[in-house]
Amino acid sequence: MAVKDLILPSHYENKLDVISTEVAIKYVKDLFERRLAHHLNLMRISAPLYVRKSSGLNDNLNGVERPVGFDIKEIDEDEMEIVHSLAKWKRMALKRYHIGYGKGIYTDMNAIRRDEDLDNLHSTYVDQWDWEKIIDRHDRNLDFLKMTVRNIMKALKETEKELDIIFENLEPFIREDVYFITAQELEDRYPDMTPKEREYTITKEHKTVCIMQIGDILSSGQKHDGRAPDYDDWSLNGDILIYYPILDCAVEISSMGIRVDAKALQEQLKKADCEERLTLPYHQMLLHDELPLTIGGGIGQSRICLILLNKAHIGEVQVSQWSDDMIAECERHHIYLL
């Protein structure tokens, strides 16, 4: 993204200095992950920064993003890739750790996405809570997805309420009630808009929105957004978006969904022309029903902090790398990147 396209709010007020910001970031992260674990019945585990390329465990995102790869001196038969997310790895972990039905895991996921277009909300450094939970066959429906989304928003609203007791000058923006709509319903409502314009319009009206069933081709012949074909079931997934008035934009805080079973995996790989992945170990386990049925997702840590701390740029709540022009332009508008 060009620096000229940055969102630079007029009369921006940075309500917390650097030290107060660092204290508040820790407070937000500690409180939210505890509330999330409580409402979704999750336990915290450790997670990898990188995986073997041959394992098929890395998240391919939209299929065009380049992972950061490297070799290890003692393991010369395979290349390593820094993860894009842990969407597939978590499902394997649930099996290895023998987690029972209705229980799950969460972890701090750190990633490098070097092909991101950098702006107020996007960084090459990604930090999120990655979580995954065991479900049963009868849970694979939109009602279960909606219930889970509502529990996530409950955890977020509880975090905001407690934060506002400690930092009284912060303005609350979270609306706990969620408006649910499918990607096709959204296209039908606003057929002349781009997907991003639709997201902005529906989120500005309803404040907290979950757009469901993302990844497949819509009746227009276009996709609302790209999704890898081998983790979310495109008929049972969703993005949670919040309207953020400081930037006058929709902020996606979570991409999540009920994961593919063997049938959905085969159908979606065929649609995506990626059937060669079926030979990978992870995909073979799915085809032979050797992995549990799950629901899971990622929740952006820095984006949550940005909203709750009333910041204008994600670089105010995380340390990353930015162009000199972006740093200078932000400083001219009283936005100081860590």
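A short tour of the structure in this document, coming up. Since we're looking at a predicted model, the values are computed, not measured.

The rules we used
- Residues numbered from 1 in each chain as written.
- Predicted model: local features only at pLDDT ≥ 70, side-chain atom pairs only at ≥ 80, totals over all residues.
- Heavy atoms only, no water.
- Helix = DSSP H or I, 4+ residues; strand = E, 2+ residues; numbered from the N terminus.
- Rg over C-alpha atoms; globule rule 2.2 N^0.38 Å.
- Buried < 20%, exposed > 50% of the residue type's maximum accessible area, 1.4 Å probe, protein only.
- Contact = heavy atoms within 4.5 Å.
- Areas by Shrake-Rupley, 256 points an atom, 1.4 Å probe, with all protein chains shown as cover.
- Lys, Arg positive; Asp, Glu negative; His and termini not counted.
- Charge placed at Lys NZ, Arg CZ, Asp CG, Glu CD.
- Arc of directions from axis to C-beta.
- Core = buried A, V, L, I, M, F, W, Y, C linked by side-chain atoms within 4.5 Å.
- Disulfide = S-S within 2.5 Å.
- Phe/Tyr/Trp six-rings, centres within 6.5 Å; stacked < 30°, edge-to-face > 60°.
- Salt bridge = Lys/Arg side-chain N within 4 Å of Asp/Glu carboxyl O.
- Pairing = 2+ DSSP bridges.
- Axes fitted to C-alpha atoms, helices over the stretch in contact; angles between N-to-C directions.

The next subject is the overall build of the chain. Across its full length, the chain holds nine helices and 11 strands. In summary, the chain has a C-alpha radius of gyration of 20 Å against a globular reference of 20 Å for 338 residues, a match within 12%. C-alpha atoms of the chain, sized along the principal axes, occupy 55 × 50 × 40 Å. Residue burial in the chain is summarised as follows: out of 338 residues, 54% are buried. Relative to all contacts within the chain whose residues are 6 or more apart in sequence, the contacts with residues 24 or more apart total 74%. Working note: accessible area of the chain is about 15400 Å², and carbon and sulfur atoms make up 50% of it. Distance between charge centroids for the chain: 4 Å, based on 43 positive and 61 negative side chains.

Those residues of helix 6 (residues 262-271) not exposed but buried are Ala262, Ala264, Leu265, Gln268 and Leu269. Viewed end-on, helix 6 has its buried residues packed into an arc of 160°, placing them on one side of the element. Every exposed residue of helix 6 that faces more than 90 degrees away from the buried side is listed here: Lys263, Lys270 and Lys271. Close packing links the buried residues of helix 6 with strand 9 (232-244) and helix 7 (281-287). Trailing helix 6 by a residue or two, aspartate 273 shows a phi angle of about 55°, which is positive.

Within the largest apolar cluster, 60 residues are counted, with the highest numbers of intra-cluster contacts made by Trp131, Leu156, Ile253, Ile307 and Leu309. By residue number, the principal contributor to this core is helix 3 (residues 142-166), which donates eight residues. Each residue touching leucine 309, except ones within four places of it in the same chain, is listed here: Leu16, Thr21, Ala24, Ile25, Val28, Leu163, Leu170 and Val317. Counting residues in each nonpolar core, the second largest holds 25 residues, with Ile45, Val51, Leu57 and Leu265 among its members.

This part covers the state of the cysteines. Under the counting rule described, the total for this entry stands at zero disulfides. Distance from the sulfur of cysteine 305, which forms no disulfide, to the nearest cysteine sulfur (cysteine 249) is 16 Å.

On to unusual backbone geometry. Of note in this structure, histidine 11 is not a glycine but carries a positive phi near 60°. Tracing the backbone through its elements, the reader meets histidine 11 in the segment before helix 1 (18-40). The backbone of asparagine 310 shows a phi angle near 60°, a positive value even though the residue is not glycine. Note on placement: asparagine 310 falls in the loop between helix 8 (301-308) and helix 9 (324-332). For asparagine 310, a relative accessible area of 0% gives the class buried.

Applying the stated rule across the entire model yields four aromatic pairs. With 4.9 Å between their ring centres and 50° between their planes, phenylalanine 32 and tryptophan 129 make a pair best called tilted. Here phenylalanine 32, found in helix 1, pairs with tryptophan 129, found in strand 6 (residues 125-134); they are 97 residues apart in sequence, far enough to count as distant. Here phenylalanine 32 matches tryptophan 129 in class, with each residue buried.

The next thing to look at is the pattern of salt bridges. The tally for this structure, following the rule as stated, stands at 23 salt bridges. Among the salt bridges present, the one from aspartate 230 reaches lysine 88, with a minimum N-O distance of 2.9 Å. Here aspartate 230 is found in the loop between strand 8 (208-212) and strand 9, whereas its partner lysine 88 is found in the loop between strand 4 (75-82) and helix 2 (89-96), with 142 residues between them in sequence. Note on accessibility: aspartate 230 and lysine 88 belong to one class, buried.

Our focus in this paragraph is the environment of leucine 286. Within the secondary structure, leucine 286 is located in helix 7. Looking at leucine 286, the relative accessible area reads 2%, which means it is buried. For the pair leucine 286 and threonine 194, spaced 92 residues apart in sequence, the C-alpha to C-alpha distance is 35 Å. Non-local contacts of leucine 286, meaning those with residues more than four positions away in its chain, are made with Arg91, Asp230, Val260, Ala262, Leu265 and Leu291.

Here the focus is the sheet that holds strand 1 (residues 42-44). Spatial ordering of the open sheet is given by 1-5-6-11-10-9-8-7, a layout of eight strands whose pairing is mixed. Strands with a single pairing partner mark the edges of an open sheet, and in this sheet they are strand 1 and strand 7 (179-182). Pairwise comparison of adjacent strand axes, ignoring direction, gives a mean angle of 25° for this sheet. Relative to strand 10 (residues 249-259), strand 9 is paired through nine bridges, and the arrangement is antiparallel. Directly across from tyrosine 243, in strand 10, lies its bridge partner alanine 250.

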